[in-house]
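Working through the structure, step by step
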Amino acid sequence: MLRGIMTAIGSILAVLFLTWAVVNGGVGMKAPDIDSQTWLNSAPIHLDDLKGKVVMVEFWTFGCYNCRNVEPHIKEWHQKYAARGLVVIGVHSPEFSYEHDLDKVTLYLKAHDIRFPVPIDNDFSIWNRYGNHYWPAMYLIDKQGVIRYVRVGEGGYQETERLIQALLTEKP
């Protein structure tokens with residue numbers, strides 16, 4: 001019985017560690033560029049051109065319930081901090097086939113008043129460069145282009161906003 005409990009506890013700890021490693025795998029690394037043939041709300045943007053700015057890269061898709069719950073916070077941070085140097089880039093990586101439709105993405109952006117740049121990642125090339133696995137996922141990149149924070153899923157809004165504020169005050 002004790003052996004079974006210890007095995008279960010070991011399995012749970014292994015899963016927790018692997019989840020932590022996947023989610024935090026990019027922290028401290030140079031952020032991969034965002035290369036897409038199609039951008040909405042903006043001309044193409046390259047991270048090298050954003051040196052000196054704080055960048056939030058959010059992986060989302062319009063049909064994702066959790067993405068919709070995070071959306072008001074992303075839009076608020078964009079509105080609140082863009083003038084201070086925050087650039088929000090919402091990478092649209094579709095989960096389902098109907099989310100590949102560019103017209104549907106465009107309609108969603110208009111209906112939800114999303115104004116920040118949105119590269120279309122239908123082939124998951126950006127997703128894969130980031131090693132991302134989840135919707136929604138937010139990557140905060142500092143003024144030197146290094147990933148400093150990864151947040152997966154809903155919640156942690158105060159912590160994320162505090163880190164945005166802290167990164168904005170750092171010297172380039």
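Look a little higher up for the structure.
Notes on the structure follow. Keep in mind that what you see is a predicted model, and the values were worked out from it rather than measured.

**Considering the pairing of strand E5 (residues 137-141)**
Of all five residues making up E5, five are buried, and the element is well covered by its neighbours. A two-sided burial pattern is seen for E5, the buried positions comprising Ala-137, Tyr-139 and Ile-141 on one face and Met-138 and Leu-140 on the other. Bridge analysis of strand E2 (residues 54-60) against E5 gives five bridges, and the strand direction is antiparallel. What sits directly across from Phe-59, in E5, is Ala-137.

**Examining the sheet that holds strand E6 (residues 147-152)**
Pairing is mixed in the open sheet, where four strands are placed in the order E3-E2-E5-E6. The open sheet has two edge strands, strand E3 (86-92) and E6, and neither has a second partner. Each neighbouring strand pair of the sheet contributes to a mean axis angle of 15 degrees, computed without reference to strand direction.

**Considering empty space enclosed by the protein**
In this structure the tally under the stated criterion is two cavities of 30 Å³ or more. Of the voids in this model, the largest cavity is the one considered here, and its volume is about 50 Å³. Taken together, Leu-47, Leu-50, Lys-51, Lys-53, Val-55, Ile-141, Asp-142, Lys-143 and Gly-145 form the lining of the largest cavity. Among the residues making up the lining of the largest cavity, the classes are represented as four nonpolar, one polar and four charged. Its volume calculated, the second largest cavity comes out at about 40 Å³.

**Focus on the pattern of salt bridges**
Per the stated rule, a full pass over the model turns up seven salt bridges. For Arg-115, the salt bridge is made with Asp-113, and the minimal N-O distance between the two is 2.9 Å. Relative accessible area serves as the criterion here: at 37%, Asp-113 is assigned to the partly exposed category. With a closest N to O distance of 3.0 Å, Arg-148 and Asp-142 form a salt bridge. Overall, Arg-148 belongs to the partly exposed group, its relative accessible area being 33%. Through salt bridges with shared partners, a single network forms among Lys-30, Asp-48 and Lys-51.

Reading guide: rules and limits
Residues numbered from 1 in each chain as written. Predicted model: local features only at pLDDT ≥ 70, side-chain atom pairs only at ≥ 80, totals over all residues. Heavy atoms only, no water. Buried < 20%, exposed > 50% of the residue type's maximum accessible area, 1.4 Å probe, protein only. Helix = DSSP H or I, 4+ residues; strand = E, 2+ residues; numbered from the N terminus. Pairing = 2+ DSSP bridges. Axes fitted to C-alpha atoms, helices over the stretch in contact; angles between N-to-C directions. 1 Å grid on protein atoms, 1.4 Å probe; cavity = no way out; pocket = protein on both sides within 12 Å on 5 of 7 lines; lining within 4 Å. Points joined across faces, edges and corners; volume = space filled by probe spheres on them. Nonpolar A, V, L, I, M, F, W, Y, C, P; charged D, E, K, R; others polar. Salt bridge = Lys/Arg side-chain N within 4 Å of Asp/Glu carboxyl O.

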